[in-house]
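Structural features, examined
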Amino acid sequence: MAPSRAILIRRIASVCVQPQIRMRASARLVSTSAAAVRSQRIRANVVPRLQTISTPRRAYSAEASGAPEPPDFLNEAELHIFNKIRGELEPTKLEVQDISGGCGSMYAIEIESPKFKGLTVIKQHKLVNQVLKEEIAQWHGVQLRTRAA
């Protein structure tokens, strides 16, 4: 019986977390069973592909003025989100990235702000959701990472 889709996803994810360790472990396998051979082929083929499609992170730290400046390579939608968050939450670090492939339906946002001090993570996220309420209504999803400065 073939493994379920969830099991395969977990296996691929575990390979991606520590590919060097997993690759060494798979190199030691000497089993000739079909399942073992298939597993080794998946590890050998999937890990390099996943590493090549990962995108670089776009992190911006505050300058002397205390507020991060938007980089030149942000598209119009990313810049709008960046400026709205910068105006409301006064972050010391801000990262905005369209992770939907350019269509603007999903964003990864990382914010470090002194306004989060003393708030739980849920309350921090609620504050960001309140600031971006109109934008989030149009999106498919959002990845938020917040922390107090």
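Presented here is a report on the structure given in the accompanying data block. What you are looking at is a predicted structure, and each value in this text was computed from that prediction instead of being measured. Throughout this description, residue numbers start from 1 for each chain and increase along the sequence as written. In keeping with the predicted nature of the model, local features appear solely for residues at pLDDT of at least 70, side-chain atom pairs appear and are counted solely at 80 or more, and the whole-chain, interface and lining totals rest on all residues. As a rule here, side-chain values cover all heavy atoms of the structure and leave hydrogens and water aside.

Some words on the side chain of E135
- Among the structural elements, E135 can be located in helix α6 (residues 133–136).
- Whether two residues touch is decided by their heavy atoms; if any such pair falls within 4.5 Å, the residues are in contact. Ignoring sequence-local partners within four residues, the contact set of E135 consists of H80 and K84. We count a stretch as a helix when DSSP gives it H or I for four or more residues in a row; a strand needs E for two or more, and each element gets its number in order from the N terminus.

What to know about the nonpolar core
- What is meant by a nonpolar core is a set of buried Ala, Val, Leu, Ile, Met, Phe, Trp, Tyr and Cys residues, joined one to another through side-chain atoms within 4.5 Å. A simple rule labels every residue: compare its accessible area, found with a 1.4 Å probe on the protein chains alone, to the largest value its type can have, and call it buried under 20%, exposed over 50%, or partly exposed in between. Within the largest apolar cluster, 16 residues are counted, with the highest numbers of intra-cluster contacts made by I81, I85, I109, I111 and L132.
- The set of elements that each furnish at least two residues to this core consists of α4 (76–89), β2 (93–98), β3 (106–113) and α5 (121–131).
- Among the elements that make up this core, the one with the highest residue count is α4 (four residues).
- Sequence-distant contacts of L132, defined by excluding residues within four places in its chain, comprise I81, K84, I85, I109 and W139.

Here's the deal with the packing of aromatic side chains
- For this analysis, a ring pair means two rings from Phe, Tyr or Trp (six-membered ring only for Trp) whose centres lie within 6.5 Å, classed as stacked if their planes differ by under 30 degrees, edge-to-face if by over 60, and tilted for the remaining angles. In this structure the tally under the stated criterion is one aromatic pair.
- Pairing Y107 with W139 gives two aromatic rings, centres 4.6 Å apart and planes at 45°, and the pair type is tilted. Taken together, the residues Y107 in strand β3 and W139 in the loop between α6 and β4 (141–148) connect sequence positions 32 residues apart. Each member of the pair Y107 and W139 is classed as buried.

Description of α5
- Considered for burial, the residues of α5 that qualify are Q124, V128 and V131. What you see down the axis of α5 is that its buried residues fit within an arc of 60°, all on one side. α5 presents I122, K123, K126 and Q130 as exposed residues on the side facing more than 90 degrees away from its buried surface.
- As for α5, its buried residues are in contact with α4, β3, α6 and β4. Within this analysis, the arc is defined by the directions that extend from the helix axis to the C-beta atoms.

Things to note about α4
- End to end, α4 covers 20 Å across 14 residues, agreeing with the expected 20 Å (1.5 Å per residue, within 8%).
- Taken as a whole, α4 has its buried residues at E78, I81, F82, I85 and L89. Buried residues of α4, seen end-on, are gathered within an arc of 100° and therefore sit on one face of the element. Of the residues in α4, the exposed ones pointing more than 90 degrees away from the buried face are E76 and G87.
- Of the residues flanking the end of α4, it is E90, one or two places downstream, whose phi is positive at about 45°. Multiplying 1.5 Å by the helix residue count minus one yields the expected span of that helix.

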